[in-house]
Amino acid sequence: MADINAVAKQFTDFYYTTFDTARGNLQSLYRDVSMLTWEGTPILGAAAISEKLISLPFEKVQHKITTLDAQPSSPSVASMIVSVTGLLVVDDSTNPLQFSQVFQLIPDGASYYVYNDIFRLNYGA
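Residues numbered from 1 in each chain as written. Predicted model: local features only at pLDDT ≥ 70, side-chain atom pairs only at ≥ 80, totals over all residues. Heavy atoms only, no water.

### Here's the deal with the overall build of the protein chain
For clarity, the cut-off: Numbered from the N terminus, helices here are DSSP runs of H or I no shorter than four residues, and strands are runs of E no shorter than two. Here the globule rule reads 2.2 Å times residues to the power 0.38, and the radius of gyration is calculated from C-alpha atoms. The buried label applies to any residue whose accessible area, calculated with a 1.4 Å probe on protein chains only, is under 20% of its type's maximum; exposed applies above 50%, and partly exposed to all values in between. Here, residues are in contact when the closest pair of their heavy atoms is within 4.5 Å. All accessibility values rest on the Shrake-Rupley procedure with a 1.4 Å probe; residue burial counts only the protein chains present in the view. Positive residues here are Lys and Arg, negative ones are Asp and Glu, while His and the chain termini are left out of the count. Here the site of a charge means NZ on Lys, CZ on Arg, CG on Asp, or CD on Glu.
The number of helices and strands found in the protein chain is two helices and six strands. Helices and strands appear in the protein chain in the N-to-C order α-β-β-α-β-β-β-β. Relative to the globule expectation of 14 Å for 125 residues, the C-alpha radius of gyration of the protein chain, 14 Å, shows essentially globular dimensions. For the C-alpha atoms alone, the extent of the protein chain along its principal axes is close to 45 × 30 × 25 Å. When burial is assessed residue by residue, the protein chain has 38% of its 125 residues classed as buried. Restricting the contact set of the protein chain to residue pairs at least 6 apart, pairs at least 24 apart contribute 45%. Just so you have it, the protein chain exposes about 7,100 Å², and 54% of that area is on carbon and sulfur atoms. Of the side-chain charges in the protein chain, 7 are positive and 12 negative, and the distance between the mean point of each set is 4 Å.

### Things to note about the layout of surface pockets
Our working definition: A 1.4 Å probe that fits into a set of points on a 1 Å grid over the protein atoms alone but cannot get out defines a cavity; an open set with protein on both sides within 12 Å along at least five of seven lines defines a pocket, and lining residues are those with an atom within 4 Å of a point. Grid points are joined across faces, edges and corners, and a volume is the space filled by probe spheres set on the points. Note that Gly is not counted as nonpolar here; it falls among the polar residues with everything else outside the nonpolar set of Ala, Val, Leu, Ile, Met, Phe, Trp, Tyr, Cys and Pro and the charged set of Asp, Glu, Lys and Arg.
Of the volumes computed, that of the largest pocket is approximately 210 Å³. What lines the largest pocket is Val 7, Gln 10, Phe 11, Phe 14, Leu 29, Ala 110, Ser 111 and Tyr 112. Sorting the residues of the lining of the largest pocket by element identifies helix 1 (4–22) and strand 6 (111–122) as the ones contributing at least two each. Residue contributions to the lining of the largest pocket peak at four residues, all from helix 1. Counted by class, the lining of the largest pocket contains six nonpolar, two polar and no charged residues.

### Considerations on the side chain of Thr 12
Tracing the backbone through its elements, the reader meets Thr 12 in helix 1. Sequence-distant contacts of Thr 12, defined by excluding residues within four places in its chain, comprise Leu 68, Val 82 and Val 84.

Written out as structure tokens, the structure is:
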């Protein structure tokens, strides 16, 4: 198995660069069995996930990763859990939002697809 942290970094670099520049191109990372939970709302399937991401109510977005952690998620398959925290700058706002996101990546040939994706904004108390 490839170095799990290197794979996680490569995946997240690609994911967030694509999200920030062309969200519609993220659909290829998901499958019909993939699930996104966005702020507590479950969304099933690559097309529905892509539609949700494209319809988000902002023009410009920039992710700034603060932490990235990865662990194997199966003893028999080279799948992994990737946990990300960071800052989200939306429409050039001077007040970035804190976010957390967790991915479960499943091997697919020489690559991976997103089986589970959980996204939350982290608000102060």
